[in-house]
Every structure is written in C-alpha cells, then in structure tokens.
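Descriptive analysis of the structure
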Amino acid sequence: MLRLERRIEPSRKMVSITPLLAVVLTMLAGGLLFALLGKNPVEAIRIIFWDPLFGQTAFYTRPQLLVKAAPLILIALGLSFGFRANIFNIGAEGQYIMGAIFGGGVGLAFYPSESIFIFPLMILCGALGGILWAMIPAILKTRFNTNEILVSLMLVYVAENLLAAMSLGLLRNPEGRGFPGSRNFQEWDSVFNAEIWTGTGAHYGVLTAFAAVVLCYVVLTRHLFGFHIQVSGQSARAAKFAGVSPNWLVVACLGIAGGFAGLAGVFELTGPAGQISIDFNVGYGFTAIIVAFLGRLHPVGIMLAGLLMALTYIGGELAQFQLGVPAASIQVFQGMLLFFLLAVDILVNFKIRLKTRETA
Amino acid sequence: MTALLSLSGLTKQYPGVLANDHVSFEIGKGEVHALLGENGAGKSTLVKMIYGLVRPDEGEMKLGGEDYAPTEPRLARRSGVAMVFQHFSLFEALTVAENIALGMENPPEKKELSERISTVSANYGLTLDPDRLIGDLSVGERQRVEIVRCLLQDPRLLIMDEPTSVLTPQEVEVLFETLNKLKSEGTSILYISHKLEEIKTLCDHATILRHGKVVGTCTPAEESAKSMAEMMVGSELKEPKARDFQPGAVLLDVQGLSLPSKDPFGTSLRNISFTLREGEVLGIAGVAGNGQDELMLALSGEERVQREAIVLKGNPIGHVGPSARRKVGLLAAPEERLGHAAAPDMSLTENALLTGLLRQQLANKGFIKWKETEDFAKAIVEAFDVRTAGVDHAAKSLSGGNLQKFVVGREILQRPLVLVINQPTWGVDAAAAASIREAITDLAAKGKAVLVISQDLDELMEVSDTFAVLAEGRMSKPRSAKGITIEQIGLMMGGTEVPDAAA
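Residues numbered from 1 in each chain as written. Chains lettered and ligands numbered in written order. Predicted model: local features only at pLDDT ≥ 70, side-chain atom pairs only at ≥ 80, totals over all residues. Heavy atoms only, no water.

What follows deals with the overall build of chain A. Of regular secondary structure, chain A possesses 15 helices and two strands. Relative to the globule expectation of 21 Å for 360 residues, the C-alpha radius of gyration of chain A, 22 Å, shows essentially globular dimensions. Each principal axis of the C-alpha distribution contributes one length, and for chain A these read about 80 × 55 × 35 Å. The burial tally for chain A puts 52% of its 360 residues in the buried class. (Helix = DSSP H or I, 4+ residues; strand = E, 2+ residues; numbered from the N terminus. Rg over C-alpha atoms; globule rule 2.2 N^0.38 Å. Buried < 20%, exposed > 50% of the residue type's maximum accessible area, 1.4 Å probe, protein only.)

Next up, the structure:
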C-alpha cells in the first residue's frame, strides 16, 4: 500500500512540477474521455493543443490566443492577491460585467465626439466600476462579517441582470431597430480598441495584461504589500501581530481584483466584443479562478496558465467543428485541469512512501 | 472502596519535555477524584493517555481489574471511559440529537434517540431539548449536550476537563448536582480543575501533579485552598538571583487598563495598573486563562485600549496598533511561537521582517530590502545561537527551543525600551531556557525594562525584580520579588493584597 508522509518543508521542486504533471494527466484523462465518445484521442489532443498554433487555420487562431488569454490573465492576476491572503472573491465575472457597463456607459455619454480623451476615460471608469462592485462584498465582510465567497458570487447574477437591463433599456442603440445591445464601439474610431500590430491579436488590453504581470511580480516579491498578503494567508494572527489590519487587507484585495476585472471588461467591450449585449460575458471571470490556481498564484505562472487555458478554449472550438465533440466535453476538459492540479498538489507537502508493515 | 482505574508508572516523553514521569494513582469506584496542577504540569497528557489519544511510553493501566491500554478513543469509550473536553466539538447548524447521533457508532432511530436524550437529561437534571439547534444554545447548554452524549454510553469513568471555566455560578450548581447523582450511582469521575474551592466541595480525593510527577495526594475537604495551592506550585522557591536592582525613571506606565473579552472562553482584563522602570524585570504569575493572553494582546497593540491607559515615556499609546507601538520602543514576544510570533511556513528571513521592519528600517518606500533583512536574520541566528541549517529555512523546521531563541532574539536585537514576553521558555529545553533568561536579565541590566508573564514560578524567581499575580483578569500590586514566600503567592492568587515587606 502507498502511504503519505508529511514533508518537513514544502518541496520547491514539486511546486513547479505539479502544474506540468496536471496538464499531462488532463491530456491522458481527456484522451480517454474522447475515446469513450468514439473519437480518436490522439487526434483530439492534437487539435486542442497543437493545431491552434501550428495547424492550417493558425493564421486565424493564433491571434485569438492573445485575445482570449489577456482577460483571463488580467482577472487572474487581480484574484491572486486575495487568494494568497485567503480572501476568496469568486465574483470576478460580475466585476468584469460592471467594468464594461461603467466604461461603456461613460463612453456612450460622449457619442459621437471624436476626442482622444474618451478612451482613457472609459478605461478608468471601467476599473472604477469593477472596484465599486467588489466593494460591496468587501464592506459587508468588514462591517458585518459576511462571507465574501457567497456575496461576491451572488452579485454575479445581479450584474448579469443589470447587463440585460442595460442592453434592453438605458444603453440600447437608438439606431439599432429595436434589437437589444448598445452601439458598436468598433465603429467609433477614437474608442475602438483595435489590434495594434496586424495579425497578433494584441490590443491595449493585451499590453495591459502583460504589464500587469510585471507589476504584480514586483509588488508580490519586493513590496511590503505582497509580504503582508503572504503573511495573512499563512497565519492571520501573525499578520495582526506584525501590524497588518485585516479589514484594510480585505478592502485592498477585493479592490485590486475588482479593478483588474473591470479593466478586462472594458478592454473586451471596446475591442473584441464591440458592444454591450445580453451575452457579453462568456465566463472569463470564473475561468480566471482556474487560471489563478493553475498558475500557483504566481504572476509568471498565471501568464502561462492563461495562455494554456486560452489554447484549450480555441482548440476546444476547433475540436467542436472538426470532430463534432459536444461543447460540454471541452468544459469537462478544463475542469479536469483544475481537478488534477488540486489532486497532485498534495505532493508539495507530502511524500509518497511504500507502506511497510507497522510494528506495534 | 475498590479501585476502578489504577495507573502505575505512566511515563510519556515528548521532545524536550518529560510530560509524565512515572505517574501512579488510583480512582475508586464511585469516587470523584481531582487532578490538580498548573498548566504544563502534565494533566492533559495524562488524561489523553487514559482516553486513548496518546500512548504511554512506559507504565500500565488497569480498569476494573483488567489490563487497559486503549489505542484510540473508540476503544476507551467501549471500555466505559467517557470524556467531556473543555472545548466542545459540536456543529452549530445541527440539532442536539443530530450532534449526539454523529458521535455514536450505531445511532438508534431519530425518534428513539430523542426519547433517550430526554430521559437521560431529565434523570440527571440537565434540561435539554433534543430538537434545538446548537447555534441557539448557551455555552452551559452546549456543555450539557457533551455530558449527555457521554452519559448515553453508561460510562464507568467520566473525565471532565475544566468543566466550570465556561459556566455561570448557577450552572456550576446544576453541574455539581448532576455529578453527585452520578457518583451516588457508582460512576467514577476524574475532575480536572485549578479552582481549589470547587475541588474542596466536590472531590473525595485529589492527586497533585507538578512537572509531570505526582507530588502529593490529599483529601480536599481536609485541606485549605492555600495548602493545596502550595502543593501545586511546589514547596521550595528559589531565591531571586542577587542582582543590583536600582530602579530608574519610569518607562512604561499602565493605568486602569480594562479590556472586555470578545471570546466566551476568554478573560476580561479589569483595571490593571503598574509601572515599569529602567532596569526592572516585572514577573507576572498566575494560572493560565486568568488574562495572560489578553494582557499580552493589549500591550502588543493587537487589541487597542483607551489612549491614556498605556503610556510609554510620556507618549500615550493605548489607542494605536502594533506598528506604532514598535516604533516608540514597546516590543513583544507572544507565547505561541508558530502562528502568532512567527509564520510557520515562512523562512527565518521573512520572519525577521515580520516585526523588524520598522526599527531595523528593512524597507525603503515600501520596497523590501531583502539583503538587509537576511543580514538581520543572520545576526539573530548568530547572537542567540539559533541552530538552523540556514535563514532560508521555514520557521516550522526549527525545534521549539531554537525558534523561541529566534523570536526573543529578534525583539532584543531591535533595542526595545520595554519588552513584553509571554511564557519565554514554554516547551523549551533547559539550555535554551537558560540562555533566554540570561538575555532577559542582560536587557534589564542595560537599563531597559522587561515584563515577563509566566506560569513557571521558578523562572519568575530567577529573573524578576518585582512580582505580581494575575487572577481572573485583575492584577495584584507589584511588590519586590525578594523574600516572597509561597504562602504569600498563594494568597495573592486568591486575590488578597500582600504588602511589600521591603517597602
């Protein structure tokens, strides 16, 4: 029999190996899943992981990689601060929506002016929208000790209904022949968040996401704020003894997560999505939770995990048309990734030993 | 009276501490037997062995004349030993009956169980409604749930760990009636407490533990609380080391410090006043749970109090947090090393930063100077002889004594004006303990002040110039440690003011 033995200190080697191990296990289990669906597993894995980058349609799918990865990375970076401090905001999807509504709403107030100030103003308001939405669980937690997991999650559904109301009412395009949805930002030159270099998919949101990776890396490893977050995550009492205010930390971590999610929302709105519509959000806020943990809450890890997750989105869509696998099988596949990561995580703190008969 | 449980030569060694050293005694059938001792005397280890949570290294137990060596609590319960812990294990969102069913191996049908709970609770005067949610019950009622859970097993021996610490006086009376009824039916009770008056009224016999050894047995009814206290703390006191204590200017002035406890198991601090002068080591004695942790939190700044209640060299600092207090020179080393004084999974370097940040100037505009931090950690390791493979290793990889040297050293190297230490040598080996005590007296010799909170009277006698006792959140007036007797300490623990012979 196998036996788990606690390590004296967590293994640093395992911290970096386990995500790769999780990817390999996901490929194996995913292959099995596709085989059971009657598809060729090797082909399915190739379509998901290889074709988006190097296949025949790569000219189209490669730029999509950055487009899909950027919001995931940006949101996951924001979430990672709170997750490190055991503050679990799982409502980034709602904060993402509110970023788009705030940023988009402010922008539309200036339509059709062509001023270079409108786009930056929209971006700022997007971040603000996300922050304000995240302040609801933050203040409820600090004032009334509510559970931020539940409150932030519930607020996602509130935000989705607000989004629908905005698409049908206040922000609906007056020239849109009654169809739901706002004006299209892609058709408004000074606001359209277009590709900066043709064929890369890189819009301002992508640049912001990569800049945020560097910024977060510096804050988490070199700055006291990152240190205080780490201490709080490990031991709330030690953090309090060190002089960290737990309430301030809740506000700061939720604020950062909300701000980053709001930014992702407004970049998506002015770029790839184009308009506020009922189906504007596609679950980036939830997938980002997987990305944050897959990346070990480390900025560089999150960047890699975001790219990987984007790959499975694009590869998953390819597999849907080329092999006809159901859309749900791709979600199962992404879920497996988090499942295996959490499962192999135990190797960080434990060693596997062959069990020898215990002498009493 | 025939013996129900007899213990002979029970010994348990933990790394660095001999928790139980050849403990032997007997508990008779239908006897209420008290187990007395200070914190750390080995009471919990002993009951854990009886309840099957810990296996003894040596010695044997007999229950009802048969060999008894439970390897897990389930087997202890099967042999008729039940225990009510000080801290309850109940689910607030479930009902009384559901909670009790969870702890049973073959719970009966819900209706039958409810009836049995009602019967047992009525028989023993423990009013309890099986359908109520635990979350709606008071602390006393929750304890009844735990007791009824034990009684449903028809135990031969019931172990109770400090049952009255959470009860109101009225609830204590009800509990005592229940225990007397159980006793009259032939159930034996092992009663752990340090409330001496209770033991006098309730218990037939008492065994007194000190430093893991049985130091005496008595019949509580024939003893006075004072004589039992003397047995608990030991009859010999070391004379304080001859030190030239010349009190200088007042460094820390605490006046009328009160702090209501937020924790139902906690103790509120009531109107505490004392001063600490240059060169002074004030030792605060008392049995654990009498406000030591709360006093520590109030002084470190983790709990804020009235602005003027704490004044350091003329600066009122009662209202500010730990960082601001460190800045002006009030440093602290809490009792719990892992998880309070240090973060277990963080390296020694990171733990050095934890409190050293401000006074060692380890950051520049919020950016951490890792090189200087590492040097500071290395300096602590060097100066206090901390045995570690390197400062990049996690705090939890160090032994208790080495980590304690690191924690105390970290504060001392920051040149405090006043240092507060709770349990400086708790669970620390003798060599490390000696070096920590020396560091404390050295600091005082340099004209700083130290407040030592400890339950080890020998330790307090060794380091203190002045002495006070904390009892139920109140502190006695500090007096000279010179010439103090055990008898006087016993009186102080009971709340009587003892005038300073030297003053």
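When helices and strands are counted, chain B shows 16 helices and 23 strands. The C-alpha atoms of chain B give a radius of gyration of 25 Å, which matches the 23 Å a tight globule of 503 residues would have. Its C-alpha atoms give chain B principal-axis dimensions of about 70 × 55 × 45 Å. Counting over 503 residues, chain B shows a buried share of 55%. For chain B, contacts bridging at least 24 residues in sequence account for 66% of all contacts bridging at least 6. Accessible area of chain B: about 21,200 Å², with a carbon and sulfur share of 49%. (Contact = heavy atoms within 4.5 Å. Areas by Shrake-Rupley, 256 points an atom, 1.4 Å probe, with all protein chains shown as cover.)

What follows concerns the pattern of salt bridges. Residues and elements named next belong to chain B. The full count for this structure, using the stated rule, is 23 salt bridges over all chains. Notably, a salt bridge pairs Glu-141 with Arg-132, separated by 3.7 Å at the nearest N-O pair. Ionic pairing is found between Lys-396 and Asp-345, a salt bridge with its closest N-O pair at 2.7 Å. Taken together, the positions of Lys-396 in the loop between α12 (370-383) and α13 (400-412) and Asp-345 in the loop between β16 (330-333) and α11 (348-356) put the pair 51 residues apart, joining distant regions of the chain. Classification of Lys-396 as partly exposed rests on a relative accessible area of 26%. A single salt-bridge network, built from bridges that share partners, covers Arg-437, Glu-459 and Glu-462. (Salt bridge = Lys/Arg side-chain N within 4 Å of Asp/Glu carboxyl O.)

This next bit is on the nonpolar core. Membership of the largest hydrophobic core comes to 161 residues, with the highest contact counts inside it found for Ile-75 of chain A together with Phe-467 of chain B. Of the residues forming this core, the biggest block, 13 residues, is contributed by helix α11 (residues 246-273) of chain A. Not counting residues up to four positions away in its chain, the partners in contact with Ile-75 of chain A are Ala-92, Tyr-96, Ala-261, Ala-264, Tyr-284, Gly-285 and Ala-288 of chain A. Counting 46 residues, the second largest nonpolar core, distinct from the first, contains Leu-90, Tyr-124, Cys-150 and Leu-175 of chain B. (Core = buried A, V, L, I, M, F, W, Y, C linked by side-chain atoms within 4.5 Å.)

Moving on, we come to the packing of helix α5 (residues 92-109) of chain A against helix α12 (residues 284-294) of chain A. Residues and elements named next belong to chain A. One can describe the packing of α5 onto α12 by two numbers: an axis separation of 6 Å at closest approach and a directional angle of 135°. Here α5 is positioned oblique relative to α12, judged by the angle of their axes. Handedness of the α5/α12 crossing: right-handed. Here Ala-92, Glu-93 and Tyr-96 of α5 lie close against α12, whose contacting residues are Tyr-284, Gly-285 and Phe-286. Of the residues contributing to the contact of α5 with α12, the split by class is four nonpolar, one polar and one charged. (Axes fitted to C-alpha atoms, helices over the stretch in contact; angles between N-to-C directions. Parallel < 35°, antiparallel > 145°, perpendicular 65-115°, else oblique. Left-handed = near helix turned anticlockwise from the far one by under 90°. Nonpolar A, V, L, I, M, F, W, Y, C, P; charged D, E, K, R; others polar.)

Residue and element names in this part refer to chain A. Throughout the structure, instances matching the rule amount to 16 aromatic pairs over all chains. Judged by centre distance (6.0 Å) and plane angle (80°), the ring pair of Tyr-96 and Tyr-284 falls under edge-to-face. Note that Tyr-96 is positioned in helix α5 and Tyr-284 in helix α12, a separation of 188 residues in sequence. For Tyr-96, a relative accessible area of 0% corresponds to the buried category. Between the aromatic rings of Phe-339 and Phe-340, the centroid separation amounts to 5.4 Å while the plane-to-plane angle is 70°, which identifies the pairing as edge-to-face. On the basis of relative accessibility, which here comes to 54%, the residue Phe-339 falls in the exposed class. (Phe/Tyr/Trp six-rings, centres within 6.5 Å; stacked < 30°, edge-to-face > 60°.)

Among the residues making up helix α2 (residues 41-49) of chain A, those that are buried are Ala-44, Ile-45, Ile-47, Ile-48 and Phe-49 of chain A. Those residues of α2 of chain A hidden inside the fold are in contact with α1 (12-36), α3 (51-54), α13 (299-323) and α14 (327-344) of chain A.

All right, on to unusual backbone geometry then. All names here are of chain A. With an omega of 0°, the peptide bond running from Tyr-111 to Pro-112 counts as cis. Although it is not a glycine, Arg-296 sits at a positive phi angle of roughly 60°. Mapped onto the elements of the fold, Arg-296 is located in the loop between α12 and α13.

Residues Val-214, Tyr-217, Val-218, Val-300 and Leu-304 of chain A together with Phe-367 of chain B make up a contiguous nonpolar surface patch of roughly 500 Å² in combined accessible area. Looking at where Tyr-217 of chain A falls in the secondary structure, it is placed in helix α8 (residues 204-222). (Patch = residues over 30% accessible without salt bridge, like charges linked within 9 Å, V, L, I, M, F, W, Y side chains within 5 Å.)

Attention shifts here to the domain arrangement of chain B. Partitioning chain B into domains gives domain 1 (3-233) and domain 2 (250-336 + 416-493). Here domain 1 of chain B and domain 2 of chain B have C-alpha centroids that lie 33 Å from each other. (Domains from an automatic or database assignment.)

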